[in-house]
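Report on the structure
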Amino acid sequence: MQLRPVSRGVAALAAVAFALVSPHAAAAAPPNDDFDSATPIGSLPYTDALQYQDATGSVDDPSTCGGGRSERTLWYKLTPAASQRVKLSTDPGDVPIDVFVGSRGALTRVPAACLWNPGAADVRFDAVAGTTYYVMLSPSSAWQVDISFKAEVGPTPPANDDFDDATVIEEFTFADTLDSGAATAWPDDPLCHRQLHMGVWYRYTAPAQTRIHIDTIGSTFEAAFGVYTGSRGNLSLVGECRSGTIWQQPQLDFTAQAGRTYQILVGSMWAAGGTLSFQFRARIISTLTLSAARSTIDYGRTLRLTARLNRFLPGTSPTISIYKQSGGLRELVASGGVDADGVLTVALRPEANTRYLAGWSGDEQYSADETGRLQIRVRVITRGELFRHFGRSGAYKLYRRGVNPVYAYSVTPNHHRREVIISFQHLRSGRWRNVVRGQLEFPLNSESEGAVAVNARVLTVGTRYRIRARFPGDGDHAGDVAAWRYFRVTG
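Only a predicted model underlies this, so the values are computations on that prediction, with no experimental measurement involved.

**Quick look at the side chain of Thr-184**
Inspection of the secondary structure assignment puts Thr-184 in the loop between β11 (173-179) and β12 (197-205). Here the side chain of Thr-184 touches Arg-85 through a polar contact of 2.7 Å, side chain to side chain.

In structure tokens form, the structure reads like this:
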């Protein structure tokens, strides 16, 4: 065939025509590119190869659960004949998946059916028989790989899969083991570093101020958990989220306030789940005090000590122990259960200066506590008496001129070889003054007694005198002073 030249204008039109029929422009959009042409999913399991390169988006496509509207969407629809859990996934993963019910322009998102978190493996939701579910996939235009879509019957989730179905912990010590691989990540689950996969929920209300310990030791995957207060969709993190490795599982200790409810979300940082081993321990923070009506008592007198346990469960009777401290050693002196007010009162008869403390070892309900040391001083009893007098006038014992008054004294308990200080005074110009300068010290005999005689030559007829003994005390006992004994000499 002979070719003929054409004008420049005709050549331009030919170029336009050629461009309009280029193979790329003529490629058809995938058959399920639009909501109205969603591909039906038959019986499960179902697999399809995504033809996404030439997919488009529609202006009335709903936004993804990750936010924003995708430029490419592919649609599937599923109407199960029986209620069942459905699992949706892509290979490779990371294709955002959203599931809706309703009609075009009036779609409602299925809460649990949302896959937008990077690293997540699949979407799981509980489908109701006879209800039509619309699945929207949003593949990225930047991908250049073959992608497959799969719908299958999902595993039965744990009973505490959802926040509203949290396992309520009522014991002080609780442990749970379950397969977390069947759990669901709900879109409104709070972030713990980021959204956890395959999360399950636990709930605990503290009966009093309580110390809580939580760990996932023994789990077969890299577990993570967070503790929250508040209600669904309005949760506040307590402390910080904890995560770890298979070999070093996370642990958390915190103080729970009385009457407050704590929500615990436990899941995986990654898509892989496994056997979850969850341990919980609560101990009421009980505080213990120890008091005495008096800090110093006379030797031989009874002392009442009162131990008080604060914050304990009504109807229980924790046992408190009271010890006396001597150097670095402790000796148990009393033990018993507290009354309804948390009080344990014991009567003791201390022999010497003693430090007491109360201890509460704790148990499966209570944390241990111990009081500080309570110092009780035991005072000796010092007595003194005058002898050789022939009579008395009021408080004064009477002596004849030339007779030496004898003052006898004693200290209880026995302090032989220790010294007693004697004070001897006379009344001059309306004031009591020492007769002898300096301190008069006399030892106690083996019976812890002693006596002194007052030289009659220093006594003046009509002058008023008084005398008494004082034991200054030592490391074992507090000191004591005997009562003044008054006397005068007659003519």
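**Considering the nonpolar core**
Residues Tyr-202, Phe-278 and Phe-280 are the most contacted members of the largest nonpolar core, which totals 52 residues. The dominant element in this core, judged by the number of residues it contributes, is strand β19 (residues 275-284), at five residues. Setting aside anything within four residues of it in sequence, one finds Phe-280 in contact with Ile-169, Glu-171, Phe-172, Thr-173, Phe-174, Tyr-204, Ile-212, His-213, Ile-214 and Ile-264. Core analysis: the second largest hydrophobic core is formed by 24 residues, Ile-41, Leu-50, Leu-88 and Val-123 among them.

**Focus on the sheet that holds strand β29 (residues 381-387)**
Here we have three strands laid out as an open sheet, ordered β29-β32-β36, and antiparallel in their pairing. Every interior strand has two partners, whereas the edge strands, β29 and β36 (449-453), have only one. With direction set aside, neighbouring strand axes in the sheet form an average angle of 20°. Pairing geometry for strand β32 (residues 406-412) and β36, over five bridges, is antiparallel. Bridge pairing in β36 links Tyr-409 to Gly-450.

**Brief notes about the state of the cysteines**
Under the criterion given, the structure shown has one disulfide. In this model, Cys-192 is linked to Cys-241 through a disulfide, with the two sulfur atoms separated by 2.3 Å. On the criterion of sequence distance, the pair formed by Cys-192 in the loop between β11 and β12 and Cys-241 in the loop between β15 (234-237) and β16 (242-243) is long-range, its members being 49 residues apart. Just as Cys-192 is buried, Cys-241 falls in that class too.

**Some remarks on the sheet that holds strand β9 (residues 148-153)**
Strand order across the open sheet formed by four strands is β2-β9-β4-β7, with antiparallel pairing between neighbours. Both outer strands of the open sheet, β2 (46-49) and β7 (123-127), are each paired with one neighbouring strand and no more. Taken pair by pair, the neighbouring strands of this sheet meet at an average axis angle of 15°, ignoring direction. Judged from the five bridges that link them, strand β4 (residues 84-91) and β7 form a sheet pairing that is antiparallel. Directly across from Lys-87, in β7, lies its bridge partner Arg-124.

**Structural notes on unusual backbone geometry**
Residues Asp-91 and Pro-92 are joined by a peptide bond in cis, for which omega reads -5°. Tracing the backbone through its elements, the reader meets Pro-92 in the loop between β4 and β5 (97-103). Residue Pro-413 is bonded to the preceding Thr-412 through a cis peptide linkage, with omega at 5°. With respect to the helices, strands and loops of the structure, Pro-413 is situated in the loop between β32 and β33 (419-428).

**Topic: the packing of aromatic side chains**
All chains considered together, the criterion is met by 21 aromatic pairs. Ring centres of Phe-174 and Tyr-202 lie 6.0 Å apart, and the angle between their planes is 65°; on these two criteria the pair is classed as edge-to-face. Here Phe-174, found in strand β11, pairs with Tyr-202, found in strand β12; they are 28 residues apart in sequence, far enough to count as distant. Among the residues examined, Phe-174 registers a relative accessible area of 14% and is labelled buried. With relative accessibility at 0%, the residue Tyr-202 sits in the buried group. Arranged with centres 4.1 Å apart and planes meeting at 10°, the rings of Tyr-202 and Phe-278 form a pair that is stacked. Here Tyr-202 is found in strand β12, whereas its partner Phe-278 is found in strand β19, with 76 residues between them in sequence. Residue classification places Phe-278 among the buried residues on the basis of a relative accessible area of 0%. Clustering of aromatic rings is evident, with ring pairs tying together Phe-35, Trp-75, Phe-100 and Tyr-134. Its guanidinium or amino end placed over the ring of Tyr-396, Arg-464 lies 5.3 Å from that ring's centre, counting from NZ or CZ.

Calculation notes
Residues numbered from 1 in each chain as written. Predicted model: local features only at pLDDT ≥ 70, side-chain atom pairs only at ≥ 80, totals over all residues. Heavy atoms only, no water. Helix = DSSP H or I, 4+ residues; strand = E, 2+ residues; numbered from the N terminus. Polar contact = N/O pair within 3.5 Å; in protein donor to acceptor, adjacent residues only side chain to side chain. Core = buried A, V, L, I, M, F, W, Y, C linked by side-chain atoms within 4.5 Å. Buried < 20%, exposed > 50% of the residue type's maximum accessible area, 1.4 Å probe, protein only. Contact = heavy atoms within 4.5 Å. Pairing = 2+ DSSP bridges. Axes fitted to C-alpha atoms, helices over the stretch in contact; angles between N-to-C directions. Disulfide = S-S within 2.5 Å. Phe/Tyr/Trp six-rings, centres within 6.5 Å; stacked < 30°, edge-to-face > 60°. Lys NZ or Arg CZ within 6 Å of the ring centre and 35° of its normal.

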